[in-house]
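Take a look at the letters that make up each chain.
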Amino acid sequence: EVSKQLKELKEWKQNIGDKAVISSEEYKIELESIKSQNNTLKNEAIASQKELNLQQNKYQQLEIEKTDIQQQLKQLKEDINIDSRKKQEEERLTQESLQTKETENQQLSMQNEKLEIEKESIESELSAMKHQNQATNMAMTELQEEINKLK
């Protein structure tokens with residue numbers, strides 16, 4: 001009976017040893033698998049972090065470009081406003097100049113009319129003086145003829 005128990009004990013010990021070896025090998029295989037998965041996950045995390053950094057850099061670059069474009073747009077709007085004000089000022093000055101020239105033209109027209117009236121008056125006086133001179137000349141000619149007759 002003892003030898004039977006001793007034999008069972010040896011078998012049991014052998015089974016435990018075999019199981020321990022198998023468990024140890026399975027554990028090593030599982031451990032290697034977990035390490036491999038861990039390394040894969042680390043590599044994926046590093047790749048994801050790199051991609052995230054690239055995306056953040058792209059985003060920052062786009063933000064810089066957006067700010068530049070907004071600044072250019074603001075400058076364009078200011079330039080357009082300045083140009084618009086300049087054009088309005090030029091139009092105002094042109095209108096003032098036209099009004100001034102129109103006023104000057106009207107004044108010159110009025111002066112021209114006055115001078116025309118004055119010219120006609122002078123021409124009328126001159127014509128009257130010519131008639132008077134002709135009459136005087138005729139009278140002098142007649143007087144001269146009478147003087148000559150009397151001589």
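Thresholds applied
- Residues numbered from 1 in each chain as written.
- Predicted model: local features only at pLDDT ≥ 70, side-chain atom pairs only at ≥ 80, totals over all residues.
- Heavy atoms only, no water.
- Helix = DSSP H or I, 4+ residues; strand = E, 2+ residues; numbered from the N terminus.
- Rg over C-alpha atoms; globule rule 2.2 N^0.38 Å.
- Areas by Shrake-Rupley, 256 points an atom, 1.4 Å probe, with all protein chains shown as cover.
- Lys, Arg positive; Asp, Glu negative; His and termini not counted.
- Charge placed at Lys NZ, Arg CZ, Asp CG, Glu CD.
- Patch = residues over 30% accessible without salt bridge, like charges linked within 9 Å, V, L, I, M, F, W, Y side chains within 5 Å.
- Salt bridge = Lys/Arg side-chain N within 4 Å of Asp/Glu carboxyl O.
- Buried < 20%, exposed > 50% of the residue type's maximum accessible area, 1.4 Å probe, protein only.

### Remarks on the overall build of the protein
Logical step 1: What the protein contains, in helices and strands, is one helix and zero strands.
Logical step 2: At 63 Å, the protein has a C-alpha radius of gyration far larger than the 15 Å of a compact globule built from 151 residues.
Logical step 3: Across its three principal directions, the C-alpha atoms of the protein cover 215 × 20 × 10 Å.
Logical step 4: Summing over all exposed atoms, the protein offers an accessible surface of approximately 14,500 Å²; the carbon and sulfur share of this is 55%.
Logical step 5: For the protein, the centre of its 23 positive side-chain charges and the centre of its 31 negative side-chain charges are spaced 14 Å apart.

### Quick word on a nonpolar patch on the surface
Logical step 1: Together, Leu 6, Leu 9, Trp 12 and Ile 16 make up an exposed nonpolar region whose accessible area comes to about 410 Å².
Logical step 2: Note that Trp 12 resides in helix H1 (residues 2-150).
Logical step 3: On the basis of relative accessible area, Trp 12 is assigned to the exposed category, the value being 52%.

### With respect to the pattern of salt bridges
Logical step 1: Evaluated as defined, the whole model comprises three salt bridges.
Logical step 2: Between Arg 92 and Glu 89 there is a salt bridge whose closest N-O contact spans 2.4 Å. You can see Arg 92 and its partner Glu 89 sitting in helix H1, three residues apart, about one turn around the helix.
Logical step 3: Assessed through its relative accessible area of 37%, Arg 92 is described here as partly exposed.
Logical step 4: Of the residues examined, Glu 89 reaches a relative accessible area of 34% and is grouped as partly exposed.
Logical step 5: Across the pair Lys 119 and Glu 123 runs a salt bridge whose closest N-O atoms are separated by 3.9 Å. Of this pair, Lys 119 and Glu 123 are both found in helix H1, four residues apart, which corresponds to roughly one turn of the helix.
Logical step 6: Salt bridges sharing partners connect three or more residues here, namely Glu 89, Arg 92 and Glu 96.

### Quick word on the environment of Thr 103
Logical step 1: Secondary-structure assignment places Thr 103 in helix H1.
Logical step 2: Expressed as a C-alpha distance, the spacing of Thr 103 and Ser 84, which sit 19 residues apart in the sequence, is 28 Å.

So yeah, pure geometry; function would need other evidence.
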